[in-house]
Every structure is written in C-alpha cells, then in structure tokens.
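# Residue-level structural notes
What follows is each chain in one-letter form.
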There are 2 protein chains.
Amino acid sequence: MTSTNRKVIVVTGASRGIGLAYVRHIVFLSKLDFQFDIVMTASKEQPLMAEFDKLLNEINENGLNHRLLPIVADLSENVIESCRKIKEKIIETFESKIDTVLFNAAVLTPLKKVSNMSDDDYKELEKLFSVNLLSVIKLANELIPMMNIIDGKFFFMSSGAALKGMSACTGYCVSKAGLNMFCQTLALENPHLFSLAISPGPVETRMQQFIRNYGHTEMSANDYNYCIMLHQDGKLNNTELLAAKFINACCLLAPREWNGEYLHIKDEKAINLINQYEKKFC
Amino acid sequence: MTSTNRKVIVVTGASRGIGLAYVRHIVFLSKLDFQFDIVMTASKEQPLMAEFDKLLNEINENGLNHRLLPIVADLSENVIESCRKIKEKIIETFESKIDTVLFNAAVLTPLKKVSNMSDDDYKELEKLFSVNLLSVIKLANELIPMMNIIDGKFFFMSSGAALKGMSACTGYCVSKAGLNMFCQTLALENPHLFSLAISPGPVETRMQQFIRNYGHTEMSANDYNYCIMLHQDGKLNNTELLAAKFINACCLLAPREWNGEYLHIKDEKAINLINQYEKKFC
C-alpha cells in the first residue's frame, strides 16, 4: 500500500444517522483500494466514543489499516473555537492533506410555527443556524488551506426542505436553502476544489422520528400527515443504503461540471451515478 | 377621512436607500386615498432622525395627515430585545393593527472570499446573519399577532443573489437564499396573511458603491467587472423609481396566489403588475 492510497476524510455529525452510516460504509466497503484516515466529529462525547470503540474493534478484527480520529466539538456555540479545535487536531494527527469533507451535522429543532416561538425557541433557532450554517462556513474557512489541491471535495448534507418549505420547520428549511447557496459561492471561489450539496431524500433518522412524535401540534395537517405516510408506506430511505449508494457515488463519480450544484437522490443524474457506482464498486 | 383609511406600515432599514425611498414614495404619492402611520426603524440614530425631521417638515408643508414613528434598533445583536422594543413602541404609539411590513434592513459585509475570512470577518458574518435573517424571523414572530387579519402583508427585500451566487459575498447570498425560503414557510404557516420576497434587481445604493470601491481584491474578475459594467452602462435601477413602481405595485396589486413566492422586478409577472400600477396610481 503506497501513501497515495491513503485518503483523509472528515465527517461532522458522525456519531449517528447518515454521518455514521457513511463512515461505516467507506470503512467496510472492501472493493475500494484505499486506506482511510477518518475524522469523526460530534457534539457529545459518550455516543461518539462508543461508536469509535466499536468501529476500532471491527477494523482490528478484520485486519484493516484504517485510522480514526474522534473529535468532540459542539458546533452550536463558540463556533470559532470549535472549528479551530477540529483543524488543529487533524494537523496534529494526520500527515496528509484532506481529501473529502462531509458537512453532515445538523439539527431540526425548534419544531415550532414562527408565530408560536418563545424566546427560548428563538435561542434554539440561533443554535440551529450555528450548527447547520455558520459553523459550516467557518469550518470550510479553516479547512480550505488543508484540502488536497488536486482532488479536494466538499459535500453538504442538504434536504428537499431546501427547496420546498415545511410548516413548523422554518429554521431547518431556511438553513438548508442557505446551505445550497453556500455550496454555490464556495464553488465559485474555489474552482480547484469540488463542492456539491446533496439531498438523500427522506431518511429514517432520529429527525423523522422526532417529527412523527412531536410534529402534530405545530405542523399543518398536510405536512404532518405526509411524514406519517412516508413511514407507514415504507418510503423512508435506509441510512446505510443511502450512504453506500449515494454519498460515495457522488464522492467517487460526480463529474467536475457539477461543482456548486444541488443534487437530489431522485434526480435522473443521481440515479445514473448510483447505477454506475453499483457496477464498479459494489 | 375615516379611520379605516389609515394604514400602519413598518419599514426596517428606513434611514436610507430602498427603505427610505419606499417611505417617501407612499407619503408623497397623492393618488392613494390613505393616511399612513409609518414606523421607520434604523440602526443609527443620527441619520434616522435627520430623515425623520426632513419628512415631517415636508408632510406639514404639504398639509398632509401622515404620522411617523422613528425607532432606533440595532438588529445585528440583542435581536430579542431590539425586536421587542420595535413591537412595544408600535403598540404605545399607534392604535390600529399593522397593514404592511417591509423587511428591508440588510448588510453586505464581510466582502471576503470564504478562504480569506479572519476571525473578525467571521464575527461580522454572524452580525450579517442577525440583520439579514435571524432578526427578520424574530420580528415576524413579534409582529404576526399585530397584523391586520384580513389584509396583513409581509414583504422581504430579496436579491438576484438569492438564486445566483456571487464570489466574496457568501454571507449576503446565503442570507438572501434563506430569506426566500423564510417567505415560503411563513406563507405556509399563515395563509391568512400575504408574504412575498421581492428582488428589485441591481439598484444604485451604498451596497453597489461599496462593491465597486472594495470588491476588486476579493471578487472574481467576472463578478467584479459585471458590477462595474452595471454602473458604467447605467443599468442600475434608481431607488425612487424602484420604490414607486415595484414595491408599492406588489403591495397594492399582487394576487393572493403569489403568497410565499419570490418575485424579481424583471419577471413578466412583475412587469405586468408595474404596468397596471402605473395606469391606476401614477
């Protein structure tokens, strides 16, 4: 294994959901001839370290040569300090440039109509913008100089909610619409890198569970019933499948001319990419 | 004059530019059979009070019956306190419900590539998001209960930059993309009100001057030269004309089915609306 076969990957919000599924996918997808150095960030220490320990055991049991770096960093406040900490720990630990960053960390709450927001809900909204948007800009700012200059890639976990608003989810929808635009400006400013905002469609994560449990009091009947229907009719994507088939397909196969765009998993371009990926790498 | 002919209008960022032009337009457009109670907010006391005094003199000289309420409120920090202050002053001063709010206050800076942002630039970016986005959500939250339930209208000053990103203007572009989405979710949650995000196209304001003066070091040659060309070729809209022909046309004539949409001054729908407005009210 030569050193050029090592890839440095950064995943925010890596302790569960799509972030964790993506890490597990790239670690255990044996058909890729890479050794990964994976930076996993999360806001809470306990779940991150639990997943880190589990992954490390599996990596050792399988005789693999991947390395993991867990970093606890709360992106909802002290954004400058948190992002700098992430950068510094990467520099201390891994010797190569970064190949891929998956900006995945995000929060949904407050799940409230604008007219019903209390001051506490508004403060929660400020934190939502820190996690979903401002820390993404700051972390990109810190990591751009560390990116692989030939093949550095930024992926932004977007949502269908970036285009089509949903009642009681103002902060989430607004932040995802903003994230798509950030991908666009970042691509304009950094044509040597590759930036793509990707929407996995509705996925069975804690967010969807939260909406089903608590959405009925604030959401419109229309929006709430749609989320219930997605679950009842089995239309929520499985996280592992998603990570395997979509994010990595984008990472390995998305053409440079998509730089700055937004891609939904059900777009024809995405479906073709996933088909190619399955033939080559699954 | 009956009391139903009084209209309460709130304009943020009313001490200059488009906000001030809109106030001047509705005050001195004699063909409208309304008396206006106009709330003018701005971050700095001196320019706001100077414009307030000037307007008040002109109103008195012309024997008009409009009332003005200037409120100094910095929306870049202490957002909860600033928005609550605006609400409380309106309640103290005017007896009727609010008819129209023009969310116009916005900042452009930091004018920096993401990769070049210092910590101070990032702090400026946080303030940009407070002014352009978070305070808009909080002020809407405070004012919804005070809106005229039959005919209350929210207008959001958007920009072409909400759809097409511009280098070195990440914060501005991202906030305007977010603002369009906020208009959408607000409309979903409040179908009894009317919300519209409007883009006046490139306007000769301090923002464009600032870009021409300081943009060359950070913007791409392409984006910078476009702004220079707009100015040299006389393609920047005049603020007064804009306020007269577009914002008020939307306020008086936009149909309810546009609730939640984004409208650019050069869209065919906008051009038709402005034509109708000119025939009826100019």
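Placed above this text is the structure.
Residues numbered from 1 in each chain as written. Chains lettered and ligands numbered in written order. Predicted model: local features only at pLDDT ≥ 70, side-chain atom pairs only at ≥ 80, totals over all residues. Heavy atoms only, no water.

Once that is clear, we can look at the overall build of chain A. Within chain A one finds 9 helices and 7 strands. By principal-axis analysis of the C-alpha atoms, chain A measures approximately 60 × 40 × 40 Å. Counting every position in chain A, which comprises 282 residues, the buried fraction comes to 59%. The long-range share in chain A, meaning contacts at least 24 apart out of those at least 6 apart in sequence, stands at 77%. Carbon and sulfur atoms make up 50% of the accessible area of chain A, which amounts to about 11,700 Å² in all. (Helix = DSSP H or I, 4+ residues; strand = E, 2+ residues; numbered from the N terminus. Buried < 20%, exposed > 50% of the residue type's maximum accessible area, 1.4 Å probe, protein only. Contact = heavy atoms within 4.5 Å. Areas by Shrake-Rupley, 256 points an atom, 1.4 Å probe, with all protein chains shown as cover.)

Residue and element names in this part refer to chain A. The step from Thr 109 to Pro 110 runs through a cis peptide bond, and the omega angle for that step is 15°. The backbone of Asn 78 sits at a positive phi, close to 45°, despite the residue not being glycine. Within the secondary structure layout, Asn 78 lies in the loop between strand S3 (67-72) and helix H3 (79-93).

Throughout the structure, instances matching the rule amount to 32 salt bridges over all chains. Salt-bridge contacts for A:Glu278 lead to A:Lys245; the nearest nitrogen and oxygen are separated by 3.2 Å. In this pair, A:Glu278 sits in helix H9 (residues 268-281) while A:Lys245 sits in helix H8 (residues 239-253), placing the two residues 33 residues apart along the sequence. When salt bridges with common partners are traced through the structure, they connect A:Arg84, A:Lys87, A:Lys138, A:Glu142 and B:Asp119 into a single cluster. (Salt bridge = Lys/Arg side-chain N within 4 Å of Asp/Glu carboxyl O.)

Residue and element names in this part refer to chain A. Taking 1.5 Å of rise per residue, the 14 residues of H9 would be expected to cover 20 Å, and the 20 Å separating its terminal C-alpha atoms lies within 8% of that figure. Of all the positions in H9, only Ala 270, Leu 273, Ile 274, Tyr 277 and Phe 281 are classed as buried. Seen end-on, H9 carries its buried residues on one side only, within an arc spanning 100°. The exposed set on the far side of H9, more than 90 degrees from its buried face, consists of Glu 268 and Lys 279. (Expected span 1.5 Å × (residues − 1). Arc of directions from axis to C-beta.)

Right, let's get into the interface of chain A and chain B. Taken together, the contact pairs 46 residues of chain A with 46 residues of chain B. Note on chain A versus chain B: buried area summed over both sides is about 3,400 Å², and carbon and sulfur give 67% of it. The largest share of the area that chain A buries against chain B comes from A:Val114, A:Tyr122 and A:Glu189, three residues that together contribute 19% of it. At the junction of chain A with chain B, the criterion picks out 4 salt bridges. Of the charged contacts, one joins B:Lys138 and A:Asp119 as a salt bridge, the two residues approaching to 3.2 Å between their closest N and O atoms. Inspection of the chain A/chain B interface yields 18 residue pairs in polar contact (both at pLDDT 80 or more). When residues of the side of chain A that touches chain B are traced back to their parent elements, those giving at least two are H3, helix H4 (119-143) and helix H5 (170-189) of chain A. Looking at the side of chain A that touches chain B, the element that brings in the most residues is H4(A), giving 13 residues. (Buried area = accessible area lost by both parts, 1.4 Å probe. Polar contact = N/O pair within 3.5 Å; in protein donor to acceptor, adjacent residues only side chain to side chain.)

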